[in-house]
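Working through the structure, step by step
Below are the chains, spelled out letter by letter.
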Amino acid sequence: MNEDHAELSAWSFKKRTNAVKTKYIFLDVDGILVNYSNELPNSAITAIKSAQANGHKVYTVTGRSKAEMYDYILDIGFDGYIGGNGNYVESDDQVLLHQLMTAEQERRIVDWLQERKLEFYLESNNGLFASEQFETQGEQTVIDYAAFKEKPGAKSVTVRKVFPEMIFDGELYRDDVNKISFILNDYQDYLDAVDVFPDLKIGTWGGVGEKALFGDIALDNISKQTAIATLLDHYGADKKDTLAFGDAKVDIPMLEYCGIGVAMGNGGEEIKVMADYITDTVDNDGLQKAFQHFGLTD
């Protein structure tokens, strides 16, 4: 990161803050708002509420569907929520966008995953719906994921701890699905999914490259940045009056799109290199420190 650029960015943003009251702040959830153990620092709550009291709007922008936005997160009182990595946009209790898989697309994916004996879960605003063997087959996978995120006590992690409200006996043919995550038995599973579903966006998470633990399948041509653009258009707001906070490669386009891109200290090297500013880690009050740095809080 260029330190002179970071200082100039901070100065220019503070200058604009004095000229325009409302700033739009976009926060990924995992690794930014909460740590990888789903713990929410009190300093983050304080910073968000202070920024809102100063007239700014704060949104979560996450891969999580609304069923994973648990009460202790929602109770902070955000101005809105972008979920499913961009397929759902809500602001001031108004749904601005919700793009779902068709029932036909969803059935094709479920059938293919079951034929390959790949365990999965459906991500819907109405719940997370797991395949029959996901809990048992996913046990080692979530342990490996916790270890990848350097979580203390990774060996004691269970599927039910990671997904406390997951539904294990729900209907798997659905018309309310945002996206689908599945356990990779092998990296070839991801490559084959790319070939089989060219009309959809296929990704991986829980590791880098061939060390990825999960694949995911979502609608094409949607992303966190397209969702942010939808929200800004609704308010007639300018993207120069935005900040985005992220920690992972999937957040890079969002940071590139917004006026100021902030990487967390616990983030990956790729996002740190491109960010305008690097703050401290989640557990060391990184969110609060960045809000103070950019003059968003008192």
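Residues numbered from 1 in each chain as written. Predicted model: local features only at pLDDT ≥ 70, side-chain atom pairs only at ≥ 80, totals over all residues. Heavy atoms only, no water.

Some words on the packing of aromatic side chains
This model, assessed by the stated rule, comprises 13 aromatic pairs. With a centroid separation of 5.5 Å and an interplanar angle of 25°, the aromatic rings of phenylalanine 26 and tyrosine 59 are classed as stacked. Pair noted here: phenylalanine 26 is in strand β1 (residues 24-27) and tyrosine 59 is in strand β2 (residues 57-61), with a separation of 33 residues, a long-range link. Here the two residues phenylalanine 26 and tyrosine 59 agree in accessibility, since each one is buried. Each ring, one from tyrosine 81 and one from tyrosine 88, has its centre 5.6 Å from the other, and the planes form 45°; the classification is tilted. The class of tyrosine 88 is buried, set by a relative accessible area of 5%. Members of the aromatic cluster, each reached through a chain of ring pairs, are Tyr24, Phe26, Tyr59 and Tyr235. The ring of tyrosine 173 has arginine 107 sitting right over it, with the charged end atom 3.7 Å from the ring centre. (Phe/Tyr/Trp six-rings, centres within 6.5 Å; stacked < 30°, edge-to-face > 60°. Helix = DSSP H or I, 4+ residues; strand = E, 2+ residues; numbered from the N terminus. Buried < 20%, exposed > 50% of the residue type's maximum accessible area, 1.4 Å probe, protein only. Lys NZ or Arg CZ within 6 Å of the ring centre and 35° of its normal.)

Some remarks on the sheet that holds strand β7 (residues 127-130)
An order of β7-β6-β8-β10-β9 is seen for the five strands of this open sheet, with the pairing classed as antiparallel. A single partner strand is all that each edge strand has here, and the edge strands are β7 and β9 (200-205). Adjacent strand axes in the sheet meet at a mean angle of 20°, parallel and antiparallel pairs treated alike. Both strand β6 (residues 120-124) and β7 contribute to a ladder of four bridges, which runs antiparallel. Bridged to tyrosine 121 within β7 is alanine 130. (Pairing = 2+ DSSP bridges. Axes fitted to C-alpha atoms, helices over the stretch in contact; angles between N-to-C directions.)

Observations concerning the pairing of strand β5 (residues 94-98)
Relative to β5, strand β4 (residues 88-91) is paired through four bridges, and the arrangement is antiparallel. Within the sheet, the bridge partner assigned to glutamate 90 lies in β5 and is valine 95. The antiparallel pairing of β4 with β5 creates a hairpin that spans two residues between the two strands, and aspartate 92 there sits at a positive phi of about 50°.

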